[in-house]
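As a plain string of letters, each chain reads:
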Amino acid sequence: MKKKFALKMARTATADKIKEAFSSVMPITLIVLVLCVTVAPIESGTFLAFILGAVFTVTGIGLFTLGADTAMTPIGEYVGTAVVKTKKIWLIVPVLFVVGVLITVAEPDLQVLAGQLSETVNNMVLLFTVGIGVGIFLAVAFLRIVLKIKLKYILAVLYVAVFVLSFFVPENFVPLAFDSGGVTTGPISVPFIIAIGTGIATLRNDKNAEDDSFGLTALCSVGPILAVMILGIIYHPENFIVSESAAVEVSDSRELFALFLSEAPKYLKEVAIGLLPIICFYLIFRFFGEKTDRRGLIKVAIGVAYTYAGLVLFLLGVNVGFLPVGHYLGGIIGALPYNWIIVPIGFIIGFFVVAAEPAVHVLKKQVYEITSGAIPQRALSLSLMIGVGTSVALAFTRILLHIPIMYFLIPVYAVALILMFFVPDVFTAIAFDSGGVASGAMTTSFVLPLALGLCNAVGGNIAAEGFGIVAFVAMTPLLTIQILGLVYKIKSRKKAKETSSEDQEKEDIID
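The following refers to the structure shown. (Residues numbered from 1 in each chain as written. Predicted model: local features only at pLDDT ≥ 70, side-chain atom pairs only at ≥ 80, totals over all residues. Heavy atoms only, no water.)

1. Thoughts on the overall build of the protein chain
- A count of helices and strands for the protein chain gives 21 helices and 0 strands.
- Looking at the protein chain as a whole, 55% of its 511 residues qualify as buried.
- In the form shown here, the protein chain has an accessible surface area of approximately 22,500 Å², with 67% of it arising from carbon and sulfur atoms. (Helix = DSSP H or I, 4+ residues; strand = E, 2+ residues; numbered from the N terminus. Buried < 20%, exposed > 50% of the residue type's maximum accessible area, 1.4 Å probe, protein only. Areas by Shrake-Rupley, 256 points an atom, 1.4 Å probe, with all protein chains shown as cover.)

The following block contains the structure:
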């Protein structure tokens, strides 16, 4: 009976995750279908590869997120709690650094981004550079909470440092650096980071402990930006080459499946290399630390299998199906006499992509609970959808007009940093934590190659102008959530004044 119930629950969980993945991928699929029959017709082989890639991507995201829930989150909670419980800073700091590196290297969105630059920077070099950035700042985030330093002061110093450093970095590396910061916070890293934040909060009993558990992801997003900028200064390649995904040429269904099968061994190996260190790290902790029951270990093993299979299918679907279509459509639209049409298309893509992101639903619930319903979930959802749509439209506009990315990033981040000193601290932490929430799998796997194809068609500098789309999407919550925090603060003050006036009137009546 228990086995039947467990199997039923497992099937329900799998179906729910597949449904979430379907809702995430479907908007892009429908937009591509509309474009294919209107302004940008594509060859049948490429189109069939895209459809099969969509099936692989949906299945992959579904299995991957299920595996993240059943394996990555428990592993993160186990390691995070075990490390923090020791209360030994000399041990916690290096362990957090290692955890930060390992979980980042396995992130799927980062692997997709690194794959676009394999001809310029070795994949592993870029992955470990970003991983080191996350590892260092995960340790810094822990020390911040222990030392009770306000997040806004650290963020202000770090982002000022980022923008000062950007003037000494090769122009081609600046957009890549900001994109790297946006893709690191994904379904593998976030459970670990949240678990560590929760564990640290339990060590402190003061009233600000829970609020301080937010902000770890924010600092872990700054780390890769600085790390990749430093890599650009050291590495300084003469030629910055972006890997182009050629249109798929197949004559029948057998060739199509053969194409996917021929690429599978590459991703089977890459995913194994990415996940194996995390599993070994967990087993070492389990051997020396507190033992978990056998059932829990079996559940984690099954979750790891889901994660592995899902990640392989996701990367296979994205690299063989989505990337070629993104590059191709971007090139076709960019070559049109009315290529400005990409701007409203970008708005529609951004609007629907963020609406379908599962992580956005978690964010809405989080803000709703913190504000006790003062900020409705619908208001946050609509503001994020409009904000991300506008961001993508602006990103495409800058490609068409060849505008440097810093002309957009500097004013937006300046406003965001100023807002920090006027909104409740918890909103600042959530806003900067949420930078990676808006930029999900579809941003990296479709919108980015679309931007690269567009940039190539209009004769732009692909490295300096094509990249940066993830950075545009990631900066949206910085303003959106902090502005909502400001609204909440004003509402709270108004309500407090009204309550105070009512109490005074009651006292006057009694007197």
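2. What to know about empty space enclosed by the protein
- Throughout the structure, instances matching the rule amount to 4 cavities of 30 Å³ or more.
- Empty space within the largest cavity amounts to approximately 120 Å³.
- Lining the largest cavity are 13 residues; nearest its centre among them are Tyr 159, Gly 181, Ser 221, Tyr 413 and Ala 474.
- Taken together, the elements giving at least two residues each to the lining of the largest cavity come down to helix 7 (173-183), helix 10 (216-235), helix 18 (435-438) and helix 21 (469-510).
- A breakdown of the residues in the lining of the largest cavity according to their chemical character gives 8 nonpolar, 5 polar and no charged. (1 Å grid on protein atoms, 1.4 Å probe; cavity = no way out; pocket = protein on both sides within 12 Å on 5 of 7 lines; lining within 4 Å. Points joined across faces, edges and corners; volume = space filled by probe spheres on them. Nonpolar A, V, L, I, M, F, W, Y, C, P; charged D, E, K, R; others polar.)

3. Examining the nonpolar core
- Phe 178, Phe 396 and Phe 446 are the most contacted members of the largest nonpolar core, which has 158 residues in total.
- Ranked by residues supplied to this core, first place goes to helix 2 (residues 44-85) with 15 residues.
- Apart from the residues within four sequence positions on either side, Phe 446 is in contact with Ile 28, Val 32, Phe 322, Val 325, Gly 326, Leu 329 and Ile 349. (Core = buried A, V, L, I, M, F, W, Y, C linked by side-chain atoms within 4.5 Å. Contact = heavy atoms within 4.5 Å.)

4. Quick word on helix 7
- Taken across its 11 residues, helix 7 has 11 buried, putting it largely inside the fold.
- Buried within helix 7 we find Phe 173, Val 174, Pro 175, Leu 176, Ala 177, Phe 178, Asp 179, Ser 180, Gly 181, Gly 182 and Val 183.

5. Considerations on the pattern of salt bridges
- Following the criterion strictly, the structure yields 2 salt bridges and no others.
- Salt-bridge contacts for Lys 152 lead to Asp 425; the nearest nitrogen and oxygen are separated by 3.4 Å. Of this pair, Lys 152 sits in helix 6 (residues 151-165) while Asp 425 sits in helix 17 (residues 425-433), and the two are 273 residues apart along the sequence.
- Judged by relative accessible area, Lys 152 falls into the buried class, the value being 13%.
- On the basis of relative accessible area, Asp 425 is assigned to the partly exposed category, the value being 33%.
- One network of salt bridges, with partners in common, ties together Lys 150, Lys 152 and Asp 425. (Salt bridge = Lys/Arg side-chain N within 4 Å of Asp/Glu carboxyl O.)

6. Details of the packing of helix 2 against helix 12 (residues 294-334)
- Between helix 2 and helix 12, whose axes approach to 6 Å, the crossing angle comes to 155 degrees. By the angle class used here, helix 2 and helix 12 are roughly antiparallel. For the pair helix 2 and helix 12, the crossing hand works out as left-handed.
- Tallied by class, the residues present in the contact of helix 2 with helix 12 amount to 25 nonpolar, 12 polar and 1 charged. (Axes fitted to C-alpha atoms, helices over the stretch in contact; angles between N-to-C directions. Parallel < 35°, antiparallel > 145°, perpendicular 65-115°, else oblique. Left-handed = near helix turned anticlockwise from the far one by under 90°.)

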